[in-house]
Amino acid sequence: MKLSPKVCIVGCGNVGMRYAYSMMIGGVAREMVLVDYNKNKAEGEAMDLTHGAPFVSPIKIYAGDYKDSANSDLVVITAGRGQKQGETRIDLIKGNAEIFKTIIPEIVKYSPKAIILVATNPVDILSYITYKISGKPSREIIGSGTVLDTARFRYLISKELNVDSRNIHASIFGEHGDSEFPMWSKAVVGDIFFRDYFETQNKEKGEQKLKEIFEDVRDSAYEIIEKKGETSYGIGLSLTKISKAILKDQNSVLPVSSLLEDYYGINDVYLSVPAIVHKNGIRQVMKIDFDKEELKALQNSAAKIKEVIKASGF
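Here the structure is a predicted model, which is why all the values come from computation and not from measurement. (Residues numbered from 1 in each chain as written. Predicted model: local features only at pLDDT ≥ 70, side-chain atom pairs only at ≥ 80, totals over all residues. Heavy atoms only, no water.)

Draft legend 1. Up close: the overall build of the protein. Tallying secondary structure elements over the protein gives 8 helices and 16 strands in all. Dimensions along the principal axes, computed over C-alpha positions, put the protein at roughly 60 × 45 × 35 Å. Split into buried and exposed, the 314 residues of the protein put 51% on the buried side. Counted over contacts in the protein with a minimum sequence separation of 6, partners at least 24 positions apart contribute 70%. Put simply, the protein shows about 14,800 Å² of open surface, and 49% of that area lies on carbon and sulfur atoms. (Helix = DSSP H or I, 4+ residues; strand = E, 2+ residues; numbered from the N terminus. Buried < 20%, exposed > 50% of the residue type's maximum accessible area, 1.4 Å probe, protein only. Contact = heavy atoms within 4.5 Å. Areas by Shrake-Rupley, 256 points an atom, 1.4 Å probe, with all protein chains shown as cover.)

Draft legend 2. Expanded view of the state of the cysteines. Taken as a whole and assessed by the stated rule, the structure comprises 0 disulfides. In this structure Cys8 is not part of a disulfide, and its nearest cysteine sulfur, from Cys12, lies 9.0 Å away. On the basis of relative accessible area, Cys8 is assigned to the buried category, the value being 1%. (Disulfide = S-S within 2.5 Å.)

Draft legend 3. Local environment of the environment of Cys12. Here Cys12 shows up in the loop between strand 1 (6-10) and helix 1 (14-26). Among residues more than four places away in sequence, those in contact with Cys12 are Met17, Leu34, Val35, Asp36, Lys41, Ala42 and Glu45.

Draft legend 4. Region of the structure containing the sheet that holds strand 11 (residues 192-193). Across the sheet, which stays open at both edges, the 3 strands sit in the order 7-10-11 with antiparallel pairing between neighbours. Only two strands of the sheet have a single partner each, and these edge strands are strand 7 (168-169) and strand 11. (Pairing = 2+ DSSP bridges.)

Draft legend 5. Summary view of the packing of helix 3 (residues 93-110) against helix 4 (residues 123-134). Across the interface, helix 3 lies against helix 4 with an axial gap of 9 Å and an inter-helix angle of 40 degrees. Judged by the inter-axis angle, helix 3 sits oblique to helix 4. Helix-helix and strand crossings are classified by hand; for helix 3 and helix 4 the assignment is right-handed. On the side of helix 3, the interface is formed by Ile93, Asn96, Ala97, Phe100, Lys101, Ile104, Pro105 and Val108, while helix 4 contributes Ile125, Leu126, Ile129, Thr130, Ile133 and Ser134. Here the contact of helix 3 with helix 4 is composed, by residue class, of 10 nonpolar, 3 polar and 1 charged. (Axes fitted to C-alpha atoms, helices over the stretch in contact; angles between N-to-C directions. Parallel < 35°, antiparallel > 145°, perpendicular 65-115°, else oblique. Left-handed = near helix turned anticlockwise from the far one by under 90°. Nonpolar A, V, L, I, M, F, W, Y, C, P; charged D, E, K, R; others polar.)

Draft legend 6. Representation of helix 4 within the structure. Between its terminal C-alpha atoms helix 4 stretches 16 Å, which fits the 16 Å expected from 12 residues at 1.5 Å a residue. For helix 4, the buried fraction is high: 10 of the 12 residues fall into the buried class. The set of residues buried in helix 4 consists of Val123, Asp124, Ile125, Leu126, Ser127, Tyr128, Ile129, Thr130, Tyr131 and Ser134. Buried residues belonging to helix 4 abut helix 3, strand 5 (115-118), strand 6 (141-143), strand 13 (257-260), strand 14 (269-272) and helix 8 (292-311). Remark: Gly135 follows helix 4 within two positions and exhibits a positive phi of approximately 75 degrees. (Expected span 1.5 Å × (residues − 1).)

Interpretation in functional terms is not warranted from these geometric data alone.
Below, the structure is given as structure tokens:
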């Protein structure tokens with residue numbers, strides 16, 4: 001008998017297991033099935049997690065095949081070749097696209113009504129490929145997008161200002177990668193615009209500080225990979241945040257990667273802008289007023305992503 005909500009995690013690497021642990025600790029799911037090409041690893045991970053059952057809310061966790069994932073409410077894809085030191089996310093596309101060609105039909109076969117959340121990089125391109133292969137409505141295919149980038153952004157700002165990061169309202173948009181950009185024009189702490197705050201200190205120094213904060217955000221994944229070989233804790237928590245919005249029907253506004261159509265002249269591409277996320281996936285992609293430079297950056301992100309999508313045959 002299915003327990004609800006049921007979540008399937010495809011890929012039992014570090015990201016998938018950090019996500020599974022976060023979901024278990026948070027009591028977000030009632031049933032989780034782990035699917036991986038290495039069945040022994042999936043079984044071992046499931047055993048290790050279930051031994052913590054007395055410390056958390058009731059949950060059933062087990063390893064299985066795609067048929068065991070049948071009727072999942074949410075399928076989260078973390079499977080794929082990892083990013084190596086010196087690689088950009090775009091470099092990953094060829095191998096991971098081939099992996100997705102085998103994964104997506106199985107998901108749709110056994111869980112045709114599931115929301116699919118993609119975390120594998122390059123996430124914007126693979127979200128688009130998932131949308132094309134699955135034949136599902138675009139609202140049901142979501143990429144993790146710049147949710148983690150935005151969290152990094154808010155943390156670094158809070159560190160600079162010595163303010164609780166939960167009181168920072170600032171976002172990263174565009175590609176989850178090198179062409180992403182910060183929306184400084186709307187960034188605030190409390191009721192104070194960041195640009196106003198920094199410029200009152202010293203305009204020249206303030207603009208330089210803003211640039212440094214963003215560059216730290218953009219390059220942090222490369223630095224973490226250089227130091228420890230992979231990133232996983234932050235994305236695991238980010239995926240849990242998105243999962244809560246879906247499974248608990250929260251109508252949360254998140255910078256997830258979603259299909260853009262007629263969005264400031266941008267069409268048929270997955271990118272991160274504010275979107276309302278609820279039980280049916282993307283309820284609405286929100287249009288906001290970018291300043292001239294921000295809009296140019298968004299259009300640049302779209303052009304770069306579409307160029308790679310075209311080269312990949314999709």
